[in-house]
Amino acid sequence: MSKQYVMGNGAIALGALSAGVNLVSGYPGTPSSEIIETVSKYPHEGTYVEWSVNEKAAMEVAAAAAYSGARAMVTMKQVGLNVASDPLMSLAYVGVKGGMVVVSADDPGPISSQTEQDTRRFAEFARIPVFDPSSPEEAFEMVQEAFDCSEKYRTPVILRPTTRVDHAYASIDVPDTFQAGEYEGFVKDSKKWVIFPRLSYTNHAMIEKRNVAIGEDFSSCRFNKYTGSSEKAVIATGVSYAYAGEFLKEHPGIRLIKVGTPYPLPESFLLKALAGVDEVLCFEELSPYIEESLLKLIGKHRLNIQVRGKLSGDVPHSGENDADSARRIISRFLGLEVQESAADLSDAPTPPMRPSVLCAGCPHRASFYAVKRAMKGKKAYFCGDIGCYTLGNAMPLDMVDTCLCMGAGVTMAQGFNHVDPDAVAFSFIGDSTFFASGITGVVNAVYNAADIIVCVLDNSTTAMTGHQPHPGTGRNLMATPVEKISIEKLLNAAGVKKVVTVDPLDLDAAVEAVRECAAIKGVKAIIFKSPCVAITKPDKKLHIDAGKCIGCLRCIKEIGCPALSAADGKAVIDANQCTGCGLCSKLCPTKAIGGDA
């Protein structure tokens, strides 16, 4: 054994390797991405690992491994669980043979997500157990216990870390070597593995009975515990337990109850922990899941306990908890004077707002600008998608009218076209997202005779989540030589009427490509192909000839590059940010921008 200082996601990965995991699949999404990346960096002979094209594919790859008796883990963020919900709901009914752990990382805040949805709700909906770690150390242990629980009850099990657990760091004792477990292999049995309505009915009844037994098992689980003996109690889950525990060190007599396995609810444990309690505060993030479960338990056993939390207005319904909110909320509950923490910055000056923007030199800026210039004076809809290019909504570009979920831009453009055929409908989608969920939308557009322009912003990586490979990059996580899948050929094969590939930094050619496609009826596609500036790291710099600059500031007003600013009425380029993409030089009416600085 050796002690390693690792991120929470790394702890989950090392926990899975310690458990002898045989297969790990997933799709990148903050805050979960580093789990698979960590697995790939450690020697893992006998363990297969892949970035799948989307979460549904990842879930189904892992399911086959678990059917074979192998231990499988699949990773995603909370919105990715929506994509994987179809196979997961059926897996809950069919069951597994080998341990199968589904890591769904929730994102309270949200910090980098469309929603604040609570995976505990999904676990209850799917009728499968869920573990809720409060720290990286606990996540390391929980993932191993989750595999055991999965195999014992032959069901998928969810591990639900949140952002602050995923991205926290801790020292963990890790084995020096990892050994993938042995497994029997798939045993054919169509009565078990082929889902039919009658089998589903029978298995549903079995699941409801089984979950009572799991709840009893969880009542003796080491991740559920309590301290203190007061008549007032605080119940906390996940990282909120860490915040509550830190504050209650100052008040050691107060009862603190930790629920590490929220579903199935460990009823016997809670009844014991609540003995002698007359008032309880549920301190949790996202939904009032424990609060509602506790109210049902109290009603069932006719206990005289007042429950407070989100439903009573004592805990905020949205956003994430932290140490300061724990101090304030728990102090009020206990009737203590609310004291500000030593790190209180309420009197500090408010820092300036720095909105997220596309990087200096990002080719997506050029793609958006080309479309904007080509469509000037025309009615058009611009449907965005999930990725760096969502930032195309920022001024002065203002080129993203909608952003719903991954792949939705392609299909929403079709909806706008069908209700307003006189406008030009565009979708903007990245190369990784195209493979993940854009292809079916393109097929739908061709099949239903839509008139849209699909803009694939191909920067040869999955940029927003950490530059993971995808099917168009020609590499995977197993270091296997693979063929690049051509986006152009896929679009042609789907029946797209016209496919144009252009470098967006060649502004004139890019504008002409947009105009050319807009003049044709049917489904058209423009592949704006230029590598991510964070990968290529160009060191070319541009400068502005102050003598030629007339102060029109068109370069600043029209593209919003963070390397550009104004001083003394003239444009200035920050050499520390400039990548030399040259887009600004193509806008300058006096040719004042150019050359290496």
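Placed above this text is the structure.
Given the structure is predicted, the values throughout are model-derived calculations rather than measurements.

**Q** Looking at this structure, how should I read the state of the cysteines?
**A** Every disulfide links exactly two cysteines, by a covalent bond between their sulfur atoms. Following the criterion strictly, the structure yields zero disulfides and no others. Between C455, a free cysteine, and C517, which holds the nearest cysteine sulfur, the sulfur-to-sulfur gap is 8.0 Å.

**Q** Would you take a moment to explain the pairing of strand β5 (residues 100-105) for this structure?
**A** For a regular strand, the rule is simple: side chains alternate between the two faces of the sheet. When you tally the buried positions in β5, you get six out of six residues, the bulk of the element. Across the two faces of β5 the burial is the same, with M100, V102 and S104 and V101, V103 and A105 all buried. Bridging between strand β4 (residues 72-77) and β5 involves six bridges; their strand directions are parallel. In the sheet register, M73 faces β5, and the bridge partner there is V101. The pairing of β5 with strand β7 (residues 157-159) spans three bridges and is parallel.

**Q** How should I be thinking about the nonpolar core in this particular structure?
**A** Grouped burial of nonpolar side chains is what soluble globular proteins tend to show. In terms of nonpolar packing, the biggest core is built from 71 residues, with F368, V371, M375, F426, F428, L491 and F528 touching the most fellow members. Other than its neighbours up to four places away in sequence, L491 contacts F434, V442, V496, V499, A525 and I527. In terms of nonpolar packing, the next biggest core, distinct from the first, is built from 55 residues, Y153, V174, Y241 and F283 among them.

**Q** So what exactly am I meant to see when it comes to unusual backbone geometry here?
**A** Trans peptide bonds make up the majority, and among non-glycine residues the majority have a negative phi. The residue after T30, namely P31, is reached through a cis peptide bond having omega 20°. Structurally, the position occupied by P31 is in the loop between β2 (23-26) and α2 (34-41). The omega torsion across G109 and P110 is -20°, close enough to zero to call that bond cis. Secondary-structure assignment places P110 in the loop between β5 and α6 (119-126). One non-glycine residue with positive phi stands out, namely S460, at about 65°. As for its position among the elements, S460 is in the loop between β16 (452-458) and α18 (487-493). For S460, a relative accessible area of 34% corresponds to the partly exposed category.

**Q** I'm lost on the side chain of Q78 in this one. Help?
**A** Structurally, Q78 can be placed in helix α4 (residues 78-83). Given the relative accessible area of 0%, Q78 is considered buried. From its side chain, Q78 meets the backbone oxygen of T115 in a polar contact 2.9 Å long. The contacts of Q78, once residues within four sequence positions are left out, are S104, A105, D106, D107, S113, T115, Q117 and T119.

What counts and what doesn't
Residues numbered from 1 in each chain as written. Predicted model: local features only at pLDDT ≥ 70, side-chain atom pairs only at ≥ 80, totals over all residues. Heavy atoms only, no water. Disulfide = S-S within 2.5 Å. Buried < 20%, exposed > 50% of the residue type's maximum accessible area, 1.4 Å probe, protein only. Helix = DSSP H or I, 4+ residues; strand = E, 2+ residues; numbered from the N terminus. Pairing = 2+ DSSP bridges. Core = buried A, V, L, I, M, F, W, Y, C linked by side-chain atoms within 4.5 Å. Contact = heavy atoms within 4.5 Å. Polar contact = N/O pair within 3.5 Å; in protein donor to acceptor, adjacent residues only side chain to side chain.

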